[in-house]
Each structure stands twice: as structure tokens, then as C-alpha cells.
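These are the residues of each chain, in order.
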Amino acid sequence: MNRGGPRRDAAVGDHLTGHLHALAALERALAHPSGEDLHAVLRDVQQALQEAMDDRQLALRRYAALFDAVPDPVSILSESGVVLDLNKAGVRAYGRPREDIVGQPIETLNPDLPSDHLDPVWEALRRGETYVIEVTNMRGDGSRFPVEVHSAGFEHQGEHCIVAVARDLSSRWQAESRYRLLMESIDKGVILFDRNLRVVSANPAAHRILGTGSSGGSLQHLLAPEDWISVDEHGHPLTRDQWPAAESLQRGRIIRSTIVGLYHRPRGRMIWISTTNVPVYSNGRDTPDHVFGLFSDITELKRNNTLFDRAQSLAHIGGWEWDRGLQRLYLTDEAARILGQDLPMQDMAHLMDCLRTDDRLQLQQALLEVIDRQVPFELELQGQRSDGHSFWVRMIGEAEAGDVDAARIAGTVQDITARKQAEETLRIQARTDPLTGIMNRDAVLGDLATRMASPTHSRVAVLYIDLDRFKTVNDMLGHNAGDELLIDATRRICTAIGTEGLVARFGGDEFLVVCDTRDQADQPERLAEAITHAFVPPFRFGSDEFAVTTSIGIARAPQDGLRPQVLIQNADIAMYDVKRRTRNGWQVFSPELAQRQHDRLQIESRLHRALDDEEFHLVYQPQVNLKSGQLIAAEALIRWRNSQLGELRPDVFIGHAESTGDIVRIGQWVLREACRQVRQWQDAGLGIVRVAVNVSYRQLVGEDLARNVRQVLEEFDLPGTALELEFTERVLIEDAPDTLQAFARLREMGVLLTIDDFGEGYSALNYLRRLPIHGLKLSQMFVEGVPGNRSDVAVCEAVCGIARSLGLGLVAEGIESEEQRNALHGMGISVGQGFLFAPGLAPDDFARRLAQDR
């Protein structure tokens, strides 16, 4: 409607023209009245009025028909808001008689309207616009219903009026309520995006999933681009144009079930969703202008899958399934990685192709067992990856429960390559000596047992090798030097035997060589010679050289033993005999050697009780001036007299005492007994005789030697000059503070300190000047070759030169002839001892010799 009123049709226009003519005729008659003219004019006016009334009635009927034909309530309002008219639809809708509404203010229909509710209406109407508002109207029974009111203005009888059409929204509200209820109750998030991917609406689930608060939150901030980072299911970043919603708008198609990761920067939270996006088309458009995004929160599922995949990866366990009907093999990513094949493995035959032949047959049989008898399997299989590396897997499989035909067989495949390699490494380590890299004790015992149990390989021999003087080097230079020596010794042994034997470290500085004697009966002896020769060059440690040789014992099977332990024991007996006699050689086992070993055991068993049973006694060998023959001092020599073994010299039992540790108690007894004897000779008027006592290295390192010596001297009221202590060359290399301190304290007492058997051992000359010693004793080993052996003479002359240059006294021992005496005296040696002058004498015999000499 327009503000000027209802529009007339063409017929009404014609009647209006006639009315105008009648009015003009009436005006002329009034200006020039005459009877006939007036009558004619009145008749025309009557006719015009009648036609006008007919037209008005027609218009009113048309207006009423149109007014009541509108299906929605229509009311005519005055400028102040009074209801001027109401159609039949309004009467029905409001449930009141027409007369109860017409003439009443509009608040009768809507009592909730504010007092100024018409102001915005008239503002819109003056701008030529239609005013639309949703309000709630009230029926005659007081019930309310929602309406959408469209208001327009028009002129009625010269007044500004409002025509208001109210559309009942109850049905739409019910539909919208059901839609809202659906949107609010479903667990899926729903977001409506416009063409520019701005959020138009979002249900509560969307807010909850995205963690943006209640649905009343600002939609503009729901997916603010600066707050979110989106990635695909593999973690690759997605641009805004790559969003599934953007793709759906661009392609005009539904994009189904896409996994997207969303990271919210402000809260530092990562969520994963599965989203389906549906484009929305407006009427008459061929491109979508909105898109619905429907999504579910799969964060937990994604986390579980990730954790499962990670667990598979960490545990190196993958899954597999074989669909026999489709002849299709399915592998998880981890299973495919474990098997490591370049081409996809789509059938069980492909899997079997990468296995070893034996393992392939084993798997085929296991699968048949599952198919035929529903028997599950667990196998350890070996195969090869495409890169050439081997793998080991534990494969488990079974048919699905209730699958009587085993149409599907599924299971796991676990990478056990590392475990198998570790087992192999442990197996090798268990058989390998970690220092030298050769076989160890357990490995050689197992190998020897296997050989001796085989009829064709039972003729074997064992070489038992012990390094001479290794312990001294190890103790003096330290374990690092000892380890270096063992490694070098291993190399020499392996080089010497080549491929003719099997070498193993049996323990400490002991080695075993196992060789075959079937074809060459003298093979053990030839290998022993080769090993002995390999140790001729000395071992070097810095600027020092050490002669470390080998003592080797040989035993053969079957004559020397039918079991590995017996054979090795007998080779050990032969080795010990070499070490006891000469060292640096080899010896074949014999029953006589076994008897001597038995005798040694007897010695050791009785030696421990000998001191308590008072079986030891001392003899004294004179030390004389080589020129005059005058007795100068004596060396105390221990003897052992046992009721069953007889009288034994120290070279028979001292070594045993050293190994058993009894030497410490024995040495303390010798020291005290020698001092007691000196005191007795002095009391007998023979004066104080200096007595030399041999001191074991064990006494020096295990006891407070200086304190013990002081106590003994004080006990027998003897000066320190009455005592001479003889040490082996071992103390030359041991320059520990305790050793130096002990020597210094002994010198302060006046005790003489001498290195015994000088030149026989290590001759560490650079250490000789460090110890506060008084003299050297030239070893009998070199003296016995004088004067005939040029080498021995050269050694003796060299030792003499050393003693003179260091200001040390020198005693030659083991002199048995006048030729030796004269030669040694000629070298400048002034003191000696030996059978030429006297053997070891009993105390009384020595006293008589002393009295005669004086």
C-alpha cells in the first residue's frame, strides 16, 4: 500500500469524471438560477451521488473481501496505536469478538509492549521502509503465541494510519525448537561458515570440542585464524585455503571424514577432529554460499592410535592378517617396517619369499596346522630385508574365534633381531676372553670335551703354558703393564702355532693350546718349541726390558687322561716341573712327574705345621775375606727336618712357603732365631758376629718389618750392625713410599741391607740408586761359570763395576774352587762364601770355627 490511499480501477475513474461534470453544472445553475436548469442540475447531482454511493459500497465490499481474505491477522492502527479495524483472521487468531479489539489500543493484543514501541515504527515508515519485528501476542484466554509483524503506512480519511500484518510463528518456532534441541543435544560439533569462512553459527558441542566456552561466546573469536594452527593427519601444516570447509566451498561437494589437528595457541592445547563438510546453496544459486562443518572429537582415539603405533614401534611389534578367501595379506606399518621389503607385501607368498628356506617351510607347516586343526603357532624366523640386512622375528598366528574354516588368520610379528644379536654376542662373549680376544676357560673345556668324546678326534694333546716372572712384572709395573704383556704374549703364542692348534686363556697368565696328534705324533713338541722360541725377544715397557719366558707342560689323550680335567691337570703337572727346575722350556707328562707332584702336595700339607712342631733349624755358612780367608760374617740358612720327609733344603720348600703364605711366619722365626744365636755367641765370649738373614718380599709388604727388627734387636740387646737383611731384586722396582721408609728406618738402626742374587732377575739399574742399600750379592748362577765361561765372567765384571760406581759392597756366593776365588778376587771382589770355605754349619760347629779363626 502507498501512503495516498487505495488505488482505484478504470471503472471507478469513469464515475469520478461524471461526478465532476455534475458539480460543474450545479455551480453554473447557482450562478444563473432558472427553474428548468436547476431541476436538471439536481437530477444530475442525484444521479452522481447515487453512483458515488454505489462506488463506495463496491469499494468497501472489495476492501472487506480483500481484508478478510488475508490468512494472517491484519489490523489497522491509528497514529497513536488504536486499533481501527481487524480482519477475520485476526478475530480467529486472538480468540476475541471484533468489538473487543476495534477501538482499543494495540496493548490489548500485546500487553508486553513498551510505551514508546511506535517510535521506531514511525521512523522506519517515514523513510519509506517496512518495519518488521517479532513479538508475542495474547489471545482472549490469556495464552501467548509468537508473531512476526510487518508494518506499513497509509492515509485513511486524511489521517496517517498503520496497517500491521502479524504472521503466527508458532509452527516455525516449534520446528526451530526441534532443530535447536537437535543441535544442542547431539555430540557432534556443527558450525555454519559463510563464503569467507566466517563462523555464522555453532552448536554447544562445537564450543565444547573446541574448548571456546559456552555457545554464548563470540562467534567471531571461535576460529580466529591467529589463534589456531591446523595440520593434516600426518602433522603437515594446513593453510586456510586447504581447510576441508574451504575445499567443500570451492568444489561444491561434500568432503567426508577428514582428520585435522587443531592447536590452540593461547591455551597450548592440541585436539584432533574428524570432519565432514557439506556445501549449502541459496535459492537460484549454482555455487554454495555457506558450508556446514560437522565434526567429532577424536583426540583420545588419535592418542590411543598414536600410543599404540608408538608402542608397536618401541616394542618392535607389528600386526598382520591373512585373508585366505581374498588371498590378501594385511600388514601394519610397523610390521612392514620390520620385514623391510621394497615392494608391498600383499600375499603370504610375498612374506615367505623373504625368509630362509628352512624357516619358509616351517611357516608353511604352521599355517597348515592352523587351517586343518585350529592350532595357533609361535615361531622364530630369520629372513633378509631388501637392503641386504638379516632380520629375526617372532611370528604368532591363530584363526579368529568361531572361524571354523580359518578364513582369516591373524597375529603379530615382533622384531627380535637385536635380541638374537645380543644372544650371539653373549654367546661369543661367554666363550671369549675379554682381554685377549681368544677362547676362555669354559670355551676350551667344552671344545676339548667334544673332541675327546668323538672317536675320530680323541687323539689330542694339551699344552699347558705359564708365563715365567709375569706376576713380578704385574706387581711392580702395575696391572696395565700386566695386561699389555698378556696381550703381547697371546699374539706371540697365536703366531707360533698358526693353524696347527687352538689357543685359549685358561686364567691369569696361563694358556692352553689344544692340537691334534692323529697325523703327527710329535705335533705338541714342535708347537712347544715354536712357542718357546717366540718368547726369546724380551718384552719392552718404556725404556726397560724384561725377559718373560714360558714353562710348558704337555699331556696326550688317551694315555694321559680320558677326560678334559684329567688331561689338563697332568699337563699342569708337567708345566710345574719345568717351572720348578729351569723355566723357559717344556716337559712331557710322565707318571714320575705325577709322583713328584704328589710329593709336593705332601710337602705343602706338612709345611704348614712344621713351625708349630719345631721342625726348623738354622745352619750358618761363613762369609770370608777372599784374600786372607778370615771369617767376617755368616749367612743363616734354614733347614727343615721332618720325620717322614727327612731333612729338606730351602730350595725344596721355600717356594711352597711363598705360595701358601707361610713364609711370613717362617721368616719372623728365622730373624728371631738368628738374633738369639748371635746373643748366645756373644755371651760365650766369641764377640758379635754379623748374621745375614734372607727376607721374603711378602715380609716387606705384609708386615711392619722395621718394627719387628727393632723389637728383636731390643729383645736380645743387639746393635743393628749385628744384622744384615738380604732381599731379592724385586724390591728394586717397588719404590713405593712404604718400602723406602722401611729401608730408611732399618739403616737408622745400623742394619745392613743387601740385594741377593743380583743379576739373576730384572737388574733394574735405574731403580738401584733409589734404595738406601749397602751391598750386592753376586748370584751363584754366574759365579759357577767363572773363570771358564766368558759370558759369566763378563756379567761378574759388570756387577763389580756397578757396585764400585755406586759405592756398594759386593759378596760372591757359591765359590767352590780356588780358581773361582782367585778370579773373583782379581775382579775386586773382597768377600765370598761357598763350599770352598765351609757348608752351612750347625751353631756349635760355627762357634768352634769362629774361635779357631780368632
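Residues numbered from 1 in each chain as written. Predicted model: local features only at pLDDT ≥ 70, side-chain atom pairs only at ≥ 80, totals over all residues. Heavy atoms only, no water.

Peer 1: Hey, could you run me through the pairing of strand S6 (residues 189–194) in this one?
Peer 2: One face of the sheet, then the other: side chains in a regular strand alternate in exactly this way. By the criterion of burial, S6 is predominantly enclosed, with 6 of the 6 residues buried. Residues of S6 alternate between two faces, with Gly189, Ile191 and Phe193 on one and Val190, Leu192 and Asp194 on the opposite face, all of them buried. Examined bridge by bridge, S6 and strand S11 (residues 290–297) share 6 bridges and lie antiparallel to one another. The partner of Asp194 across the bridge, within S11, is His290. Bridge count between S6 and strand S7 (residues 199–202): 3 bridges; the pairing is antiparallel. Its bridge partner being in S7, Ile191 is matched across the sheet by Ala202. Connecting S6 to the antiparallel partner S7 that follows it, the hairpin turn spans 4 residues, and Leu197 within it adopts a positive phi of roughly 60°. (Buried < 20%, exposed > 50% of the residue type's maximum accessible area, 1.4 Å probe, protein only. Helix = DSSP H or I, 4+ residues; strand = E, 2+ residues; numbered from the N terminus. Pairing = 2+ DSSP bridges.)

Peer 1: Looking at this model, I keep getting lost on helix H13 (residues 441–453). Mind explaining?
Peer 2: Along an α-helix, residues three or four positions apart point the same way, because every turn accommodates 3.6 residues. Helix length check: H13 (13 residues) gives 18 Å between terminal C-alpha atoms against 18 Å at 1.5 Å per residue, within 8%. If you check which residues of H13 are buried, you get Ala443, Val444, Leu448 and Met452. Each buried residue of H13 sits inside an arc of 155° when the element is viewed along its axis, so together they form one side. Counted as exposed and oriented over 90 degrees from the buried face of H13: Asp442, Thr450 and Ala453. Buried residues along H13 sit against helix H12 (417–431), strand S17 (460–467), strand S18 (502–507), strand S19 (510–516) and helix H17 (564–581). (Expected span 1.5 Å × (residues − 1). Arc of directions from axis to C-beta. Contact = heavy atoms within 4.5 Å.)

Peer 1: Is there a simple way to think about the packing of H17 against helix H18 (residues 591–610) in this case?
Peer 2: The geometry of a pair of packed helices is captured by two quantities: the angle between their axes and the separation between those axes. Interaxial distance between H17 and H18 falls to 9 Å at its minimum, and their mutual angle equals 70°. As the angle between them shows, H17 and H18 are arranged roughly perpendicular. Between H17, through Ile573, Ala574, Tyr576, Asp577 and Arg580, and H18, the contact on the second element is made entirely by Leu593, Ala594, Arg596, Gln597 and Arg600. Each residue belonging to the contact of H17 with H18 can be placed in one class, and the counts come to 5 nonpolar, 1 polar and 4 charged. (Axes fitted to C-alpha atoms, helices over the stretch in contact; angles between N-to-C directions. Parallel < 35°, antiparallel > 145°, perpendicular 65-115°, else oblique. Nonpolar A, V, L, I, M, F, W, Y, C, P; charged D, E, K, R; others polar.)

Peer 1: Whenever I open this one, the packing of helix H20 (residues 663–683) against helix H22 (residues 705–715) confuses me. Can you help?
Peer 2: It is the contact of H20 with H22, at a shortest axis distance of 9 Å, that shows an interaxial angle of 25°. As far as their axial angle goes, H22 and H20 are roughly parallel. In the packing of H20 onto H22, the handedness of the crossing is right-handed. Where H20 approaches H22, its residues Gln668, Leu671, Arg672 and Cys675 are matched on the opposing element by Asn708, Val709, Val712, Leu713 and Glu715. Here the residues of the contact of H20 with H22 sort into 5 nonpolar, 2 polar and 2 charged. (Left-handed = near helix turned anticlockwise from the far one by under 90°.)

Peer 1: Is there a simple way to explain the pattern of salt bridges in this structure?
Peer 2: Note that side chains of opposite charge can pair when their charged atoms are close. As enumerated under the stated definition, the model contains 39 salt bridges in all. Asp447 is the partner of Arg451 in a salt bridge, and the nearest nitrogen-oxygen pair spans 2.9 Å. You can see Arg451 and its partner Asp447 sitting in helix H13, 4 residues apart, about one turn around the helix. Judged by its relative accessible area of 25%, Arg451 falls in the partly exposed class. Among the ionic pairs, Arg641 bridges to Glu647, the shortest N-O distance being 3.1 Å. (Salt bridge = Lys/Arg side-chain N within 4 Å of Asp/Glu carboxyl O.)

No statement about biological role is implied by the geometric values presented.
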